[in-house]
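Observations on chain architecture
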Amino acid sequence: MKMHHIAIATHCIDSVLLKYQYLGYSIGELIQDTKRNVQICFIKNGDFTLELVEPLSDNSPVSAILKNSVQDSLYHICYSVENIEKTIENLETQGYLKISSLDFAPAIHNRRVVFMFEKDLGLIELVED
Ligand code: NI
């Protein structure tokens with residue numbers, strides 16, 4: 001599995017973009033994901049991609065993470081896979097729990113994504129090639 005991006009839960013995308021730019025990242029467009037109540041911005045530094053995820057309401061998936069942290073905080077690591085159904089099946093035999101439905105991600109060209117949880121590694125996302 002190849003790493004696709006690392007997602008950071010951020011209190012406010014607007015207030016951190018310039019700081020990332022200063023570190024050499026180029027900034028993508030701001031995308032509203034109304035289904036998950038977040039706004040998202042992908043930023044790139046060479047081959048490396050960060051996904052900044054800001055909650056738009058208290059019931060977004062990142063609100064709980066940020067409630068316990070003054071700083072922005074790791075949200076998930078995403079891996080790209082060829083066959084998402086098969087990978088889900090394989091990871092389930094390794095103790096991973098599928099915690100979302102298989103869905104289309106508006107911020108990643110509507111590719112299919114799923115979230116899985118492992119008790120030691122935490123949250124991962126799979127995105128289909
Ligand atoms: Ni992601």
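Every value quoted in this text rests on a predicted model; they were computed, and no experiment measured them. (Residues numbered from 1 in each chain as written. Predicted model: local features only at pLDDT ≥ 70, side-chain atom pairs only at ≥ 80, totals over all residues. Heavy atoms only, no water.)

**Looking at the coordination of the nickel ion**
Distances from the nickel ion to its protein donors, His5 (NE2), Glu51 (OE), His76 (NE2) and Glu125 (OE), fall within 2.0 to 2.1 Å. Relative to the metal, the four donor atoms surrounding the nickel ion lie at angles of 85 to 178°, and the coordination shape comes out irregular. All donors to the nickel ion come from one chain, and their sequence spacing reads H-x45-E-x24-H-x48-E. Highlighted residues: histidine 5 in strand S1 (residues 2-9) and glutamate 51 in strand S4 (residues 48-55), separated in sequence by 46 residues. (Donors = N, O, S within 2.8 Å, 3.2 Å for Na, K, Ca; no water. Tetrahedral: all angles 85-135°; square planar, octahedral: opposite > 155°, others 65-115°. Helix = DSSP H or I, 4+ residues; strand = E, 2+ residues; numbered from the N terminus.)

**Considering the pairing of strand S8 (residues 111-118)**
Inspection of the sheet shows strand S6 (residues 97-98) paired to S8 by two bridges, in the antiparallel sense. Looking across to S8, one finds that lysine 98 is bridged to methionine 116. Looking at chain direction, strand S7 (residues 103-105) and S8 are connected through three bridges and run antiparallel. Considered in S8, the bridge of alanine 105 is made with arginine 111. Here S7 folds back onto S8, and the loop between the two strands holds five residues, one of which, histidine 109, carries a positive phi near 50°. Both S8 and strand S9 (residues 122-128) contribute to a ladder of six bridges, which runs antiparallel. Looking at the pairing, phenylalanine 115 lines up with glutamate 125 of S9. Two successive antiparallel strands, S8 and S9, enclose a turn made up of three residues. (Pairing = 2+ DSSP bridges.)

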